[in-house]
Amino acid sequence: MHSASNSIMAGDSEAKLENQDENENATRQPFLIGVAGGTASGKSSVCGKIMELLGQNKIDHHQRQVAILSQDSFYKVLTPEQKARALKGQFNFDHPDAFDNELIVKTLWDIMEGRTVQIPVYDFVTHSRKEETVTVYPADVVLFEGILMFYSQEIRDLFQMKLFVDTDADTRLSRRVLRDISERGRDLEQILSQYITFVKPAFEEFCLPTKKYADVIIPRGADNLVAINLIVQHIQDILTGGVTKRLNGFLNGHSTPQKRQPSDSSSRPH
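Here's a quick rundown of the structure. (Residues numbered from 1 in each chain as written. Predicted model: local features only at pLDDT ≥ 70, side-chain atom pairs only at ≥ 80, totals over all residues. Heavy atoms only, no water.)

## Comments concerning the pairing of strand β2 (residues 66-70)
Point 1. β2 sits mainly inside the fold: four of its five residues count as buried.
Point 2. Relative to strand β5 (residues 141-145), β2 runs parallel, the two sharing five bridges. Residue pairing across strands places I68 opposite L143, the latter belonging to β5. (Buried < 20%, exposed > 50% of the residue type's maximum accessible area, 1.4 Å probe, protein only. Helix = DSSP H or I, 4+ residues; strand = E, 2+ residues; numbered from the N terminus. Pairing = 2+ DSSP bridges.)

Next comes the structure, spelled out in structure tokens:
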């Protein structure tokens, strides 16, 4: 990979640059950012805001330099007995064992090796994995959000940056109630029962203790534009600073990669 970088910097022929870019697409290592936080804390909104501020929303999926993944896509396939309990609101989806960590690790390694990956689609109404998958193409920066992204050390250690979205519990509960009624067809009594029985205790036991692993804590979630802008600036430095980025510059009108030293956090060993 160093020789490839040198050939780009040495300014070889245009044809070689194009071939080199294709080779780099297959081998470059993306910058992985984990985003954790309690239910309805605004993890997805934070990731969405980062994408928006980077101008990634209007770019074709094949060309995007930033990709977003969700831990919710990786719920385990339930047994018939577990599914019956889930339909009654009696299955703990906030426990670490509910997630297919093996598949998450495999997916992250594939992403780090520059492969295109197929992400499962989970149906929260029927509590099952759909047959279709979502294709995620190689990217320079990958945001992976979920309540327990930092719980497993094996997964946690793969992230070069860890963000924790810290939002007031009352705000999170009210958001969850509204979301589950409108998007998942649940009734209020079932939502509150599940929250008291599973969600709140699991947050306190499994999610909240992982806040100590975060590099950046974002109070108030997507409303905290100061914190998000700082993170966006750091991602811009990564995107414009690496010689392994795609040469189709979009950021701030840059059409060529900027020669900048990588920041400490992007080169820090994990």
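Okay, back to it.
## Let's talk about empty space enclosed by the protein
Over the atoms rolls a probe the size of a water molecule, and in doing so it shows where empty space is left.
Point 1. Counted according to the given criterion, the structure contains three cavities of 30 Å³ or more.
Point 2. Computed from the structure, the largest cavity encloses a volume of approximately 50 Å³.
Point 3. As for the largest cavity, its lining consists of G38, T39, D94, I147, L148, V199, A202, F203 and C207.
Point 4. Residues of the lining of the largest cavity, tallied by class, amount to six nonpolar, two polar and one charged. (1 Å grid on protein atoms, 1.4 Å probe; cavity = no way out; pocket = protein on both sides within 12 Å on 5 of 7 lines; lining within 4 Å. Points joined across faces, edges and corners; volume = space filled by probe spheres on them. Nonpolar A, V, L, I, M, F, W, Y, C, P; charged D, E, K, R; others polar.)

## Quick notes on the nonpolar core
Point 1. One finds L32, L108, F144 and F159 to be the most contacted residues of the largest nonpolar core, which totals 38 residues.
Point 2. Broken down by secondary-structure element, the contributors of at least two residues to this core are β1 (31-37), β2, α5 (101-112), β3 (117-123), β5 and α8 (188-207).
Point 3. Here the element with the most residues in this core is α5; it accounts for five residues.
Point 4. Apart from the residues within four sequence positions on either side, F144 is in contact with I33, G34, V35, L69, S70, Q71, F74, I104, L108, M149 and F159. (Core = buried A, V, L, I, M, F, W, Y, C linked by side-chain atoms within 4.5 Å. Contact = heavy atoms within 4.5 Å.)

## Quick word on the packing of aromatic side chains
Point 1. As enumerated under the stated definition, the model contains nine aromatic pairs in all.
Point 2. Relative to F99, the ring of Y75 lies with its centre 4.5 Å away and its plane at 20°, an arrangement referred to as stacked. Here Y75 is found in the loop between β2 and α4 (80-87), whereas its partner F99 is found in the loop between α4 and α5, with 24 residues between them in sequence. Accessibility classification places Y75 together with F99 in one group, the buried group.
Point 3. By the ring-pair criterion, three or more aromatic residues cluster together here, those being Y75, F91, F93, F99, Y122 and F124.
Point 4. Lying across the ring of F203, R172 places its NZ or CZ 4.2 Å from the centre. (Phe/Tyr/Trp six-rings, centres within 6.5 Å; stacked < 30°, edge-to-face > 60°. Lys NZ or Arg CZ within 6 Å of the ring centre and 35° of its normal.)

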